[in-house]
Amino acid sequence: MYTKNKKKMEIIHTDLSFEVYKRLKTMILANEFEPGEKLVQEQIAAMFGVSRMPLHKAFQMLENEMLVENLPRRGFYVTEIDNAKLLDAFECREALEGIAARRTTQVITEKELDDLKSLFKPFISKIKIDIKKYIEADQAFHNSILQLSGNQILQKFEVVKNITSQTYRGGLIRQPEETLPEHLAIIDAISKGDAQLAEQLMREHSVKTQELIREQINKEKT
């Protein structure tokens, strides 16, 4: 009897922790908690109407996904994305999205290709681009490439998705007039079925951003 009750409690507890984790993750990625902000457990527990135990487990899940960090004797904080971490993120994106672009080229349907092209149509030949809308299209494009790739690891690996999401939290690193032609060239390579070129262009797209971040890091050192 004790064993059965214990198992039932564990299932309920895990579900509650996961629900808290999902809500906190959404809030963090939406910048409702600022990078570097302390997550006060008592306040968040009261906000969600939960005890500290499921909240602590939710924090651990978010820490595993690099969205929060646990500072010894200080508590949990929203991960602050400095240029060094940003560079690490884009290095990961270079490899992962390069693979995804190649795989996407091999499996994409006509409908999916049309959806991909439609993301940037509103910005073509525009003298002034709405930056907020462009960021949304940019993020949708990169997320779509990961999803359309058909690679089950890329689709399921939450840290990969978070790497992409976190790179947008500080806004655009390069402006649309520079990146828009790159996005269109990648889509064109995909539409022509040139998997090798699609991977190459996707990697170059990330490398150019990495170069700019490295320049910023070097300036900070001087």
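Residues numbered from 1 in each chain as written. Predicted model: local features only at pLDDT ≥ 70, side-chain atom pairs only at ≥ 80, totals over all residues. Heavy atoms only, no water.

Describing the overall build of the protein chain
Basically, it comes down to this: Secondary structure is summarised from DSSP: a helix means a run of H or I of at least four residues, a strand means a run of E of at least two, and numbering begins at the N terminus for each. Residue exposure (1.4 Å probe, protein chains only): buried if accessible area is under 20% of the type maximum, exposed if over 50%, otherwise partly exposed. Note on definitions: a residue-residue contact is assigned when non-hydrogen atoms from the two residues lie within 4.5 Å. Areas reported as accessible are Shrake-Rupley estimates using a 1.4 Å probe. Residue values count occlusion only from the protein chains shown.
When you go through the protein chain residue by residue, the secondary structure sums to ten helices and two strands. Starting at the N terminus, the α and β elements of the protein chain follow one another as α-α-α-β-β-α-α-α-α-α-α-α. A burial count over the protein chain gives 40% of its 222 residues as buried. In the protein chain, 73% of the contacts between residues at least 6 apart in sequence involve partners at least 24 apart. For the protein chain, the computed accessible surface area is about 13,000 Å², with 54% contributed by carbon and sulfur atoms.

What to know about the packing of aromatic side chains
To keep things clear, this is the line we draw: Each pair of aromatic rings taken from Phe, Tyr and Trp, with Trp reduced to its six-membered ring, is defined by centres within 6.5 Å and is described as stacked if the planes are under 30 degrees apart, edge-to-face if over 60, and tilted in the remaining cases.
Under the criterion given, the structure shown has five aromatic pairs. Here Phe120 and Tyr134 contribute two aromatic rings whose centre-to-centre distance is 5.9 Å and whose plane-to-plane angle is 50°, an arrangement assigned as tilted. One end of the pair, Phe120, is in the loop between α5 (110-118) and α6 (131-148); the other, Tyr134, is in helix α6, with 14 residues separating them in the sequence. Tyr134 carries the same exposure label as Phe120, and that label is buried. Between the aromatic rings of Phe120 and Phe141, the centroid separation amounts to 5.5 Å while the plane-to-plane angle is 65°, which identifies the pairing as edge-to-face. Of the two residues, Phe120 is situated in the loop between α5 and α6 and Phe141 in helix α6; the sequence distance between them amounts to 21 residues. Judged by its relative accessible area of 0%, Phe120 is buried. By way of ring pairs, the aromatic residues Phe120, Phe123, Tyr134 and Phe141 are connected into one cluster.

Observations concerning the pairing of strand β2 (residues 75-78)
The condition is simple: For two strands to pair, DSSP has to find at least two bridges joining them.
By the bridge criterion, four bridges tie strand β1 (residues 68-71) to β2 in an arrangement that is antiparallel. When the bridges of β2 are listed, Val68 appears paired with Val78. Where β1 hands over to β2, the hairpin turn is made up of three residues, of which Arg73 adopts a positive phi near 65°.

Structural notes on the packing of helix α4 (residues 83-107) against α6
A pair of packed helices is characterised by two quantities: the angle between their axes and the separation of those axes. As a reminder of what qualifies: Interaxial angle, 0 to 180 degrees, is taken between N-to-C directions of lines fitted to C-alpha atoms, where a helix line uses only the stretch in contact. Crossings are classed by handedness, with left-handed meaning an anticlockwise turn of the near helix from the far one by less than a right angle and right-handed meaning a clockwise turn. Three residue categories are used. Nonpolar comprises Ala, Val, Leu, Ile, Met, Phe, Trp, Tyr, Cys and Pro, charged comprises Asp, Glu, Lys and Arg, and polar comprises the others, including Gly.
The contact between α4 and α6 brings their axes to 7 Å, and the two run at 60°. Between α4 and α6 lies a crossing of left-handed hand. Side by side, α4 and α6 meet where Arg93, Leu96, Glu97, Ala100, Ala101, Thr104 and Val107 of the first sit next to His142, Ile145, Leu146 and Leu148 of the second. Here the contact of α4 with α6 is composed, by residue class, of seven nonpolar, two polar and two charged.

Considerations on the nonpolar core
Note the threshold: Among the buried residues, those of types Ala, Val, Leu, Ile, Met, Phe, Trp, Tyr and Cys that are joined through side-chain atoms within 4.5 Å form a nonpolar core.
Membership of the largest hydrophobic core comes to 23 residues, with the highest contact counts inside it found for Leu116, Phe120, Phe123, Phe141, Ile145 and Ile190. Mapped by element, the contributors of at least two residues to this core are α4, α5, α6, α9 (176-191) and α10 (195-221). Here this core takes six residues from α6, the largest share from any one element. In this view, Ile190 contacts Thr104, Thr105, Ile108, Leu113, Leu116, Ile145 and Ala198; residues no more than four positions away in its chain are not counted. By size, the runner-up hydrophobic cluster in this structure holds 19 residues, among which are Leu39, Phe48, Val50 and Leu62.

A word on the confidence of the model for the protein chain
Quick note on the threshold: Confidence of the predictor in every single residue is expressed as pLDDT, which spans 0 to 100.
Model confidence for the protein chain is summarised by a mean pLDDT of 87, while 90% of its residues fall at 70 or above. With pLDDT under 50 throughout, residues 6-13 is counted as low confidence; its partners more than four residues away or in other chains account for three contacts.

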